[in-house]
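Notes for the structure review
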Amino acid sequence: MAMYQQNEDMEMDDGAQPGYAGANHEMALTNAATTIDPSVVSSRILQSASIQQQQLKLNGDDSEMVDGIEQPQFPKISAIQASGNKVEYRRVRCPPHRYTPLREHWEQILTPLVEFLKLQVRFNTKTRSVEMKTSKHTIDTGALQKGADFVSAFMLGFEVQDAVALLRLDDLYLESFQVTDVKMLHGDHLSRAIGRVAGQDGKTRFAIENATRTRIVIADQRIHLLGSYANLRVARNAICDLILGAPPGKVYNNMRSVAKRMSERY
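A few points on the structure. (Residues numbered from 1 in each chain as written. Predicted model: local features only at pLDDT ≥ 70, side-chain atom pairs only at ≥ 80, totals over all residues. Heavy atoms only, no water.)

**Remarks on the side chain of Ser129**
Within the secondary structure layout, Ser129 lies in strand E5 (residues 129–133). With a relative accessible area of 0%, Ser129 lands in the buried category. When residues no more than four places from it in sequence are discounted, the contact partners of Ser129 are Arg91, Val92, Arg93, Cys94, Arg122, Phe123 and Asn124. (Helix = DSSP H or I, 4+ residues; strand = E, 2+ residues; numbered from the N terminus. Buried < 20%, exposed > 50% of the residue type's maximum accessible area, 1.4 Å probe, protein only. Contact = heavy atoms within 4.5 Å.)

Written out as structure tokens, the structure reads:
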């Protein structure tokens, strides 16, 4: 059996095509020629990266190399530069019944506007309005609008501590509507609807505020709300139910269930 296998191997070698071995030899040469040492490649990559960093340092560029990719770094522009070097203004009028509270709380209103938002603020005694404008120190592009919302919330009747939340949080909104927008009421019917919303000694209003985490201001026929979008919707629905004639006890039960759901959610 061993001799038979050797003869078959010899016959296969004799029947091989001429040039087959030469093709294998050429393929081996080409593979050897295209083989690249990985250590040489890595050293060349490191060398090129170091050369680029040296050139950037010589040119004074602030860009950095992250994973071999150049990451430029730009300085943060101010609000006045973002607006094309144009100074922007806002003016918020002061109603007559808020003139005295504004004078008493002027320092508390001025401090966050100047120190936090970097705005220039003044009170115009002729027009009785608070005027704000951007400066070269204003960095936030939305600082002027935030300041206007803050002052507007105070003018509507909210406390300074509640209105300051508009500067710190981005998801707070103001909403205003009249009682007659919900239902056309006149005379004593209108007065009773406003009384149902306020409650005895403001108990109903406080219950809605605490349950929905909002702030409510009732100024005659106009109602102002301050809070997040979802909480404003819940508070608005409760106030509308009271205006339409729902008994306060039913609204209390709804607010109790709402407060329970919110405590479970958060």
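**A few points about the sheet that holds strand E7 (residues 215–219)**
The antiparallel open sheet is built from three strands, whose spatial order is E6-E8-E7. Two strands lie at the open edges of the sheet, namely strand E6 (173–178) and E7, each paired on one side alone. Strand-to-strand twist of the sheet, defined as the mean angle between neighbouring strand axes without regard to direction, takes the value 15°. By the bridge criterion, five bridges tie E7 to strand E8 (residues 222–227) in an arrangement that is antiparallel. Paired with Ile218 across the strands is Ile223, a residue of E8. (Pairing = 2+ DSSP bridges. Axes fitted to C-alpha atoms, helices over the stretch in contact; angles between N-to-C directions.)

**Re the packing of helix H11 (residues 188–198) against helix H12 (residues 203–212)**
Their axes nearest at 5 Å, the elements H11 and H12 cross at an angle of 50°. Classified by the angle their axes make, H11 and H12 are oblique. Residues Arg196, Val197 and Ala198 of H11 form the contact with H12, whose participating residues are Lys203, Thr204 and Arg205. Split into classes, the residues belonging to the contact of H11 with H12 amount to two nonpolar, one polar and three charged. (Parallel < 35°, antiparallel > 145°, perpendicular 65-115°, else oblique. Nonpolar A, V, L, I, M, F, W, Y, C, P; charged D, E, K, R; others polar.)

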